[in-house]
Amino acid sequence: MRLLIADDDRDIARALTALFEHNHYGVDTVYNGNDAYSYALEGNYDGIVLDIMMPGMDGLEVLRNLRGEGIKTPILLLTAKGDIDERVCGLDAGADDYLPKPFAASELLARIRAMLRRKDNYQMELLEFEGMKLDLSTFELSFSEHSLRLANREFQMLQLLMQSPGAVIPTEQFMERIWGWDSEVEVSVVWVFISNLRKKIEKLNAPVSIRAIRGVGYCMEKKF
């Protein structure tokens, strides 16, 4: 799952980024409304956390413009504690949820999970292919009686593969969804993480392989 975080308070933005990355989300972070609007239009996000008070376009203006462009990505607004009118305006403009500051990290994570569950393409908490299971709440990969916990980006890559077994996931899609569309990371990093995932799948002795399609990407398939 990939999120866009927009907050002009850089300390809060960095804290949110660290919180979500620790919980196995991919994150892009911006600090003003204009960048939030541009990233949301050009990026492929599962959800957006949008502060209302920002320079450039404020959060409500970003929200209205995105909905006007037909962008349906779920959006959670961060609001000042007493600004009830802003919350009402935000919900009327198409926000999926709001959370007043200050807030507890556990509540923010719970609201994000609930918001993403309401998406049209909501996935169950457990993905399974050929008996190999990926638990989306514990980040554990298991087969038979054996299990292991995946690191952040390993988990995100395997989630993409197991959501569409047999389908080819382009290398560019991994880069965009996991490292961000403006990342300066070399594309070869995808191969490194695929190699790590293959070793972990082999360690579980699962009848599954990740096949490389030269010049295109990777797909998950049954091992023959």
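(A) The arrangement of helix α3 (residues 59-68) in detail. Listing the buried residues of α3 in full gives G59, L60, V62, L63 and L66. Seen end-on, α3 carries its buried residues on one side only, within an arc spanning 160°. Tucked into the core, α3 has its buried residues touching α2 (33-42), β3 (47-51), β4 (75-80) and α4 (84-93). Backbone nitrogen of L60 and a side-chain oxygen of the N-cap are separated by 3.1 Å at the start of α3; the cap is D58.

(B) The packing of helix α6 (residues 152-163) against helix α8 (residues 188-204), seen in detail. The geometry of α6 relative to α8 is characterised by a closest axis approach of 10 Å and an angle of 80° between their N-to-C directions. It follows from the interaxial angle that α6 and α8 lie roughly perpendicular. Along its contact with α6, which presents R153, E154, M157, L158 and L161, the element α8 presents V190, F193, I194, N196, L197, K200 and I201.

(C) Geometry of the environment of E86. Secondary-structure assignment places E86 in helix α4. For the pair formed by E86 and L160, sequence separation is 74 residues and the distance between their alpha carbons is 36 Å. In this view, E86 contacts I52, M53 and L60; residues no more than four positions away in its chain are not counted.

(D) Here's a closer look at the side chain of Q159. Tracing the backbone shows Q159 in helix α6. Apart from residues no more than four positions distant in its own chain, Q159 is found in contact with M1, L127, L134 and L136.

Definitions and limits used
- Residues numbered from 1 in each chain as written.
- Predicted model: local features only at pLDDT ≥ 70, side-chain atom pairs only at ≥ 80, totals over all residues.
- Heavy atoms only, no water.
- Buried < 20%, exposed > 50% of the residue type's maximum accessible area, 1.4 Å probe, protein only.
- Helix = DSSP H or I, 4+ residues; strand = E, 2+ residues; numbered from the N terminus.
- Arc of directions from axis to C-beta.
- Contact = heavy atoms within 4.5 Å.
- Polar contact = N/O pair within 3.5 Å; in protein donor to acceptor, adjacent residues only side chain to side chain.
- Axes fitted to C-alpha atoms, helices over the stretch in contact; angles between N-to-C directions.
- Parallel < 35°, antiparallel > 145°, perpendicular 65-115°, else oblique.

Functional significance is not addressed by these values, which are geometric in nature.
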